[in-house]
Amino acid sequence: MLMIRLARRGKKTQAFFRLVVSDKQKDLYGPAKEIVGYYNPMSKEQDMKLDAERITYWISKGAQTSPTVHNLLVDAKVISAPKIVKKKEKKKKQK
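Think of each chain on its own: its residues are numbered from 1, step by step along the sequence as written. Where local features are concerned, this predicted model is filtered to residues with pLDDT of at least 70; where side-chain atom pairs are given and counted, the filter is 80 or more; whole-chain, interface and lining totals use all residues. With hydrogens and water excluded, all non-hydrogen atoms of the structure serve as input to the side-chain values.

Caption draft 1: Molecular detail of the overall build of the protein. Check the secondary structure of the protein and you find two helices and five strands. A run of H or I in DSSP becomes a helix once it reaches four residues, and a run of E becomes a strand once it reaches two; helices and strands are each numbered from the N terminus. Mapped from its N terminus to its C terminus, the protein presents α and β elements in the order β-β-β-β-α-β-α. Across its three principal directions, the C-alpha atoms of the protein cover 50 × 30 × 30 Å. Counting across all 95 residues of the protein, residues that qualify as buried make up 29%. The contact criterion used throughout is that any non-hydrogen atoms of two residues lie within 4.5 Å. Residue pairs at least 24 apart in sequence account for 30% of intrachain contacts in the protein once pairs closer than 6 positions are excluded. Counting rule applied: Lys, Arg positive; Asp, Glu negative; His and chain ends not counted. Charge placement uses NZ in Lys and CZ in Arg. For Asp and Glu, CG and CD serve respectively. If you average the places of the 23 positive and of the 9 negative side-chain charges in the protein, the two averages end up 11 Å apart. In this scheme, a residue with accessible area under 20% of its type's maximum is buried, one over 50% is exposed, and one in between is partly exposed, where area comes from a 1.4 Å probe on protein chains only.

Caption draft 2: Focus on the nonpolar core. By nonpolar core is meant a set of buried Ala, Val, Leu, Ile, Met, Phe, Trp, Tyr and Cys residues that side-chain atoms within 4.5 Å join together. Among the nonpolar cores identified, the biggest contains 16 residues, and Ile 4, Leu 19, Val 36, Ile 55, Trp 58, Val 69 and Leu 73 are the most heavily contacted of them. Broken down by secondary-structure element, the contributors of at least two residues to this core are β1 (2-10), β2 (15-23), β3 (34-40), α1 (52-60) and α2 (67-75). The element best represented in this core is α2, accounting for four residues. Beyond its immediate chain neighbours, meaning those up to four positions away, Val 69 contacts Ile 4, Arg 5, Leu 6 and Leu 19.

Caption draft 3: A look at α2. Looking only at α2, the buried set comprises Val 69, His 70, Asn 71, Leu 72, Leu 73 and Val 74. If you follow the buried residues of α2, they end up packed against β1, β2, β3, β4 (47-50), α1 and β5 (64-65).

What follows is the structure, given as structure tokens:
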């Protein structure tokens, strides 16, 4: 299954992310099918560049988006859908 996910790049404290289309089982940091944009949360205006045409093409071909990428695409008005609320499960205390 193809996924549109974030792949982390940059230095230890200066991270930025690429939006990549890759197979779900493949390594994110290996070769990707296509790089469709980038997202820099560290800049003041949260710099983001997306190739909307290619993203809609991959979604039409059956690619799924991760919850974070889905919410970024909704904010950028690339797709029109409600945001996904993803809650992390709390870790159980070990005795």
